[in-house]
Amino acid sequence: MDILEEVRERGRLFPGGELNRIATGLATIRGRSLGPQEGAFIIIENDRGYIQLLANDEGHEFLAEIQSPAYRPEMVVTNEMVGIITACGFRLPEGRENFSRWFMVSDEADLRAIAELMLGLMNMVFGHQPGNALQLTVHEP
């Protein structure tokens, strides 16, 4: 099993309500960005960190960013965490950036797959567990 499938499998272990909330949030913002300063995005977070997804204006891509220590100095980043993040195709941050990666989207199944991956990453990177609080912020301009 490759790392992306392993992380998605981890995401599928969570209650369907969490996955549905994230997939619905992605569907809500898909194609809704009005420009660089008026982006549609969702933020998935717990008390240890966040993942943000920004929709492009055409509806076929999302930029995913995983919080880096540049924005949270107390954040402990282990080699294992960086290994998981980079194996999932995220680019290492430079300066005051986050880990980042673009995802292509063509249908609802892609939205579900991204939701599974993000929930799995929240678990593996930020320790999110079933039953713990997970905040989801959805912003449409």
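Turning our eyes to something else, we now look at the overall build of the protein. In terms of helices and strands, the protein carries 4 helices and 5 strands. Across the protein, helices and strands are ordered from the amino to the carboxyl terminus as α-α-β-β-β-α-β-α-β. Principal-axis analysis of the C-alpha atoms gives the protein an extent of 35 × 35 × 30 Å. Relative to its full complement of 141 residues, the protein shows a buried share of 42%. Residue pairs in contact within the protein that sit at least 24 positions apart in sequence constitute 68% of those at least 6 positions apart. For the protein, the exposed area adds up to about 7,200 Å²; of that, 50% sits on carbon and sulfur atoms. Within the protein, the 21 negative side-chain charges are centred at a point lying 3 Å from the centre of the 12 positive side-chain charges.

This part is about the side chain of Gln 67. Mapping Gln 67 onto the fold places it in the loop between strand E3 (61-66) and helix H3 (79-87). In contact with Gln 67, other than residues within four places in its own chain, are Arg 48, Gly 49, Tyr 50, Arg 72, Met 75, Asn 98, Phe 99 and Phe 126.

What follows is about the pairing of strand E2 (residues 49-55). Alternating positions in E2 separate cleanly, Gly 49, Ile 51, Leu 53 and Ala 55 being buried on one face and Tyr 50, Gln 52 and Leu 54 remaining unburied on the opposite face. Where strand E1 (residues 41-46) meets E2, 6 bridges bridge the pair, whose relative direction is antiparallel. Across the sheet, the residue bridging to Glu 45 is Tyr 50, located in E2. With 5 bridges connecting them, E2 and E3 associate as antiparallel partners. Each residue of the ladder has a partner; that of Leu 54, found in E3, is Leu 63. The antiparallel pairing of E2 with E3 creates a hairpin that spans 5 residues between the two strands, and Gly 59 there sits at a positive phi of about 85 degrees.

Next up on the list: helix H2 (residues 16-29). One turn of the α-helix equals 3.6 residues, which is why residues spaced by three or four share an orientation. Counted at 1.5 Å a residue, the expected span for H2 with its 14 residues is 20 Å, and the 20 Å between its end C-alpha atoms agrees. Within the sequence span of H2, burial applies to Glu 18, Leu 19, Ile 22, Ala 23, Gly 25, Leu 26 and Ile 29. Down the axis of H2, the buried set is contained in an arc of 155 degrees. They therefore lie on one face. Of the surrounding elements, those touching the buried residues of H2 are helix H1 (3-12), E1, E2, E3, helix H4 (108-126) and strand E5 (135-139). Trailing H2 by a residue or two, Gly 31 shows a phi angle of about 75 degrees, which is positive.

The rules we used
Residues numbered from 1 in each chain as written. Predicted model: local features only at pLDDT ≥ 70, side-chain atom pairs only at ≥ 80, totals over all residues. Heavy atoms only, no water. Helix = DSSP H or I, 4+ residues; strand = E, 2+ residues; numbered from the N terminus. Buried < 20%, exposed > 50% of the residue type's maximum accessible area, 1.4 Å probe, protein only. Contact = heavy atoms within 4.5 Å. Areas by Shrake-Rupley, 256 points an atom, 1.4 Å probe, with all protein chains shown as cover. Lys, Arg positive; Asp, Glu negative; His and termini not counted. Charge placed at Lys NZ, Arg CZ, Asp CG, Glu CD. Pairing = 2+ DSSP bridges. Expected span 1.5 Å × (residues − 1). Arc of directions from axis to C-beta.

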